[in-house]
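Remarks on the overall topology
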Amino acid sequence: MKETKETRIGNNDAFIVGTIEQRFVTGEIDGETFYATRVLTERTSGYEDKINVLISEKIFSSNMTVGKKIKIKGEFRSENVKDDDGNTHLLLYFFVNTIELASEFAMDENNICLNAYICKPTFYRETPLGREITDMMVAVNRPDGESDYIPCIAWNRTARWSAALEPGDYIRIIGRIQSREYLKKRPDGEKEKRVAYEVSIKRTFFVEE
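Residues numbered from 1 in each chain as written. Predicted model: local features only at pLDDT ≥ 70, side-chain atom pairs only at ≥ 80, totals over all residues. Heavy atoms only, no water.

Following the criterion strictly, the structure yields 11 salt bridges and no others. Here E21 makes a salt bridge to R38, at a shortest N to O gap of 2.6 Å. Of this pair, E21 sits in the loop between β2 (12-20) and β3 (25-29) while R38 sits in strand β4 (residues 32-42), placing them 17 residues apart in sequence. You can call E21 partly exposed: its relative accessible area is 29%. Linking K69 and D108 is a salt bridge whose minimum nitrogen-to-oxygen distance equals 2.8 Å. Remark: D108 occurs in the loop between β7 (88-101) and β8 (109-118) and K69 occurs in strand β6 (residues 69-82); sequence separation between them is 39 residues. Relative accessible area serves as the criterion here: at 13%, K69 is assigned to the buried category. Exposure remark for D108: the relative accessible area of 22% places this residue in the partly exposed category. One network of salt bridges, with partners in common, ties together R43, D49 and R176. (Salt bridge = Lys/Arg side-chain N within 4 Å of Asp/Glu carboxyl O. Helix = DSSP H or I, 4+ residues; strand = E, 2+ residues; numbered from the N terminus. Buried < 20%, exposed > 50% of the residue type's maximum accessible area, 1.4 Å probe, protein only.)

Okay, structure coming up:
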């Protein structure tokens with residue numbers, strides 16, 4: 001396995017087994033070349049989550065091509081970016097720390113564990129069919145002092161528990177990274193398809209700092 005640093009248990013640990021969907025696009029950050037692509041990972045329901053992935057040139061290999069299945073470990077990060085209209089939005093992506101090719105028969109996996117602070121009031125709601133949902137925004141601290149801001153969604157019993165959380169509460173979140181498509185209305189009235197990313201919570205609980 002190739003890696004840039006030792007695997008560790010930290011505030012932001014994610015693991016995915018999935019298939020490379022897109023050709024790689026290269027870019028440079030602070031003098032280092034990175035390769036960007038999208039990885040598909042299938043849920044037990046058959047729905048595929050589409051995860052944006054960023055790989056350093058230090059661990060990239062030319063045998064990682066479209067259609068290959070890979071195992072990646074890293075962090076789910078965020079960055080504020082401006083679109084063509086000058087509006088700022090949150091870009092979410094998987095920053096890869098270790099990567100290796102997987103067997104084409106390997107089962108897809110998608111797991112994440114975050115130690116995070118609630119940074120906005122939570123929002124609880126019920127669907128017309130009675131399903132309970134709580135949306136929350138959390139801040140995850142990096143070792144360098146920066147923070148990643150990650151939207152999360154909890155369901156049913158976990159949603160009820162999460163609804164009582166307040167800004168400043170420190171919790172552990174166990175779940176998966178998910179993508180979902182939605183229609184965004186443009187100023188000209190036309191609608192365009194976009195993809196939102198968030199962490200779907202399986203379990204959450206308080207932790208001691």
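The tally for this structure, following the rule as stated, stands at zero disulfides. C152 provides the cysteine sulfur closest to C113, a residue in no disulfide bond, and the two sulfurs are 11 Å apart. (Disulfide = S-S within 2.5 Å.)

If you walk through the whole model with that rule in mind, you get six aromatic pairs. Plain terms: the ring middles of F24 and Y35 are 6.3 Å apart, the flat faces sit at 85 degrees to each other, and that makes the pair edge-to-face. One end of the pair, F24, is in the loop between β2 and β3; the other, Y35, is in strand β4, with 11 residues separating them in the sequence. Pairing Y35 with F60 gives two aromatic rings, centres 3.9 Å apart and planes at 5 degrees, and the pair type is stacked. With Y35 in strand β4 and F60 in the loop between β5 (48-56) and β6, the pair connects residues that are 25 residues apart, well separated along the chain. Looking at F60, the relative accessible area reads 18%, which means it is buried. Ring pairs connect the aromatic residues F24, Y35 and F60, which therefore count as one cluster. A cation sits over an aromatic face here: R77 above F95, 3.9 Å from the ring centre. (Phe/Tyr/Trp six-rings, centres within 6.5 Å; stacked < 30°, edge-to-face > 60°. Lys NZ or Arg CZ within 6 Å of the ring centre and 35° of its normal.)

The values reported here are purely geometric and, on their own, carry no functional implication.
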